[in-house]
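# Close look at the chain arrangement
Residues per chain are reported as follows:
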Amino acid sequence: MDVIPNLLLVYRSDSVRMEISENLSSYQKYLMTTDDMKSALNLTQQHPFSIALFELKLFDNSNTIFHRILESLQDTHLVAIVDEKENGDPIKKKLIHDHFFTFLSIPTSPRDLTSVIETLLWMRRFNGKDHYDQSIIVNGRKLESENPRVNTLIIAIQKTARVDAPVLIHGETGAGKELVARAIHHYSRRSNGPFITVNCGAIPRELMQSAFFGYERGAFTDAHQRHIGHIESASGGTLFLDEIGDLPFDMQVCLLRFLENHRIQRLGSHEDIDVDVRIVSATHVDMEEAISNGEFREDLYYRINVLSLCVPPLRDRLEDIENLVDSILMAHSDDRPVNFQGVSEAAMNLMKQYHWPGNIRELSNRLRRAMIMCRTGWIEPDDLALPLLSEAPLTIHIDKVREQAEKRTIRSALVRCNNNISSAAKELGVSRVTLYRLMEKHGIDRDISHWHRR
Ligand SMILES: Nc1ncnc2c1ncn2[C@@H]1O[C@H](COP(=O)(O)OP(=O)(O)OP(=O)(O)O)[C@@H](O)[C@H]1O
């Protein structure tokens, strides 16, 4: 168990911010500061804060950022920093009463400031807050890491599990987003309720509404009996919307409506049904780009992205390879051949050099296959069948690296250009003759399907 008392300070004036920071120097390691609400929102969506100190003037009930910050700070103690002149203002008084645990007037003495912080931290410790495990187990998979980004994620999972706000998990395909969603559910008060996964890209468009909201008998020709939709099935638990970016636009409107009142109507019925469900979504696409391309509704994005978690790609956490290999081999021990010994050092080193475009899923698939197919009982580099790298020695000359990069670049250009030599040459910035020469040098066949099999 670790105690992580993160503090946030949001104040516009540089001098006041610096003064407060200096007075909180004993918490320097845990203190993050900013002078504007937009970056404060970003910070609150990504870090679990114990205490957040805000310049009261920055708070405005009509401001959406203000509400989004409050939503993401549900488990945080808020302290208002008030200008002495604001003290009697009834609107400000109400704001403090509604949203803050306490307030400090500036200029404030260092002693008042530290005593407020210490009291709050003591209270939080007393209530078991700010205690987080450095490793967690979900579905038999141990989440632990040597990587600082993953360690922050492990804490954020536990923090996020304590509140009910919607979470959006970002990350490349196969990086472990669903496992993170399951972990949030597992550590939440909903853990005894259902965890329902919906792959938004896999449901045919015409079946979306009935899949999400269910239907009554007779609602349409084939509705022979009542069907409970995904949202209702997740009642009391968590609904995991995987690939939320693939949700069609009309369905985005329906989901937004549900998130606003937490009520559904089954198709063929006018009865409103209250559903208590927590929404956790995941995406591998850049949602901000999807919004600017008009593919995703901005208002829905804000509703599902109250808290945001990012799962790093495997190539950014190669120090975790050994732990992950152990965890995967353990999880699939039923498939282990009797003579299986383990992973050779050379194979392990090779895995630590590969860039893993398919992330942990790719690692898992290659390992499972290698475990079954390896001839000596040890997984050797060749058993992993890693593209290109498997042909390369582990210590590699710079010329060889250049040669491989050149070969890879030409191959990808040809794939992108559907094997059209002129377009590929143009894309690579060389003449057609040069491209032919380079293809010959690297033994690249014009027939893509042929060299893809090699
Ligand atoms: N920490 C881990 N230890 C062991 N296995 C893991 C870990 N994280 C993920 N995995 C495994 O990797 C595979 C991919 O994980 P997951 O399905 O969570 O990824 P994802 O990001 O949701 O993928 P997609 O984008 O394709 O939906 C799963 O088999 C999962 O069990």
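Residues numbered from 1 in each chain as written. Predicted model: local features only at pLDDT ≥ 70, side-chain atom pairs only at ≥ 80, totals over all residues.

For the chain, the helix and strand inventory stands at 20 helices and 18 strands. Referenced to the eigenvectors of the C-alpha coordinate spread, the extents of the chain come out at roughly 80 × 65 × 55 Å. A buried classification covers 31% of the 454 residues belonging to the chain. (Helix = DSSP H or I, 4+ residues; strand = E, 2+ residues; numbered from the N terminus. Buried ≥ 20, exposed ≤ 12 C-beta atoms within 10 Å, placed from the backbone.)

The local shell around the ligand holds 19 residues, among which Thr173, Gly176, Lys177, Glu178 and Ile360 are the closest. Elements represented by at least two residues in the shell around the ligand include exactly strand S9 (141-143), helix H7 (177-186), helix H13 (321-331) and helix H15 (359-373). A per-class count over the shell around the ligand returns 7 nonpolar, 7 polar and 5 charged. The residues that make up the shell around the ligand include at least three from each of domain 2 (136-311) and domain 3 (314-391). (Near = placed C-beta within 6 Å. Nonpolar A, V, L, I, M, F, W, Y, C, P; charged D, E, K, R; others polar. Domains from an automatic or database assignment.)

Bridge count between strand S2 (residues 7-10) and strand S3 (residues 31-34): 4 bridges; the pairing is parallel. Residue Leu9 lies in a different strand from S3, and its bridge partner there is Thr33. In terms of handedness, the path from S2 via helix H1 (residues 14-23) over to S3 forms a crossover that is right-handed. (Pairing = 2+ DSSP bridges. Right-handed = clockwise from strand over helix to strand, strands pointing away.)

On to the UniProt feature "domain: Sigma-54 factor interaction" (unreviewed entry) in the chain, then. Listed under "domain: Sigma-54 factor interaction" (unreviewed entry) in the UniProt record, and renumbered for this structure, are residues 143-372. Secondary structure within residues 143-372 divides into 40% helix and 14% strand; the distance between the first and last C-alpha atoms comes to 25 Å. (UniProt positions renumbered as here; feature names shortened; annotations may be inferred.)

In a beta sheet, neighbouring strands pair by backbone hydrogen bonds and run either parallel or antiparallel. Taken in spatial order, the 5 strands make up an open sheet running S11-S12-S15-S10-S16, and their pairing is parallel. For this open sheet the edge positions go to strand S11 (195-199) and strand S16 (307-311), each flanked by a neighbour on one side alone. Going across the sheet, the axis of each strand differs from the next one's by a mean of 20 degrees, ignoring polarity. Pairing of S11 with strand S12 (residues 238-242) involves 5 bridges; the strand directions are parallel. Note that in S12 the partner of Ile196 across the bridge is Leu239. Set on the sheet, helix H6 (residues 148-161) makes contact with strand S10 (167-171) and S16; between it and S16 the angle comes to about 150 degrees. (Axes fitted to C-alpha atoms, helices over the stretch in contact; angles between N-to-C directions. Contact = placed C-beta atoms within 7 Å.)

The strand order across the open sheet built from 5 strands is S3-S2-S4-S5-S6, with neighbouring strands paired in parallel fashion. The strands lining the two open edges of the sheet, one partner per strand, are S3 and strand S6 (102-106). Each adjacent strand pair in this sheet contributes to an overall mean axis angle of 20 degrees, direction not counted. Where strand S5 (residues 77-83) meets S6, 5 bridges bridge the pair, whose relative direction is parallel. Considered in S6, the bridge of Val79 is made with Thr102. The sheet strands contacting helix H5 (residues 110-126) are strand S4 (51-55), S5 and S6, and the helix crosses S6 at an angle near 165 degrees.

All right, on to helix H19 (residues 432-442) then. Little of H19 sits inside the fold, with 1 of its 11 residues counted as buried. Phi turns positive, to about 65 degrees, at Gly443, one or two residues after H19.

With that out of the way, let us pick up the domain arrangement of the chain. Each assigned domain of the chain is listed here: domain 1 (2-131), domain 2 (136-311), domain 3 (314-391) and domain 4 (398-453). One C-alpha centre belongs to domain 2, the other to domain 4, and the line joining them spans 42 Å.

Our next topic: unusual backbone geometry. Going from Ile106 to Pro107, the amide bond is cis rather than trans, its omega being 0 degrees. Within the secondary structure layout, Pro107 lies in the loop between S6 and H5. Although it is not a glycine, Glu243 sits at a positive phi angle of roughly 55 degrees. Considering the arrangement of structural elements, one finds Glu243 in the loop between S12 and helix H10 (249-261). The residue His262 is not glycine, and still its phi comes out positive at about 55 degrees. One can find His262 in the loop between H10 and strand S13 (263-264). Residue class for His262 comes out partly exposed when judged on the 13 C-beta atoms lying within 10 Å of it.

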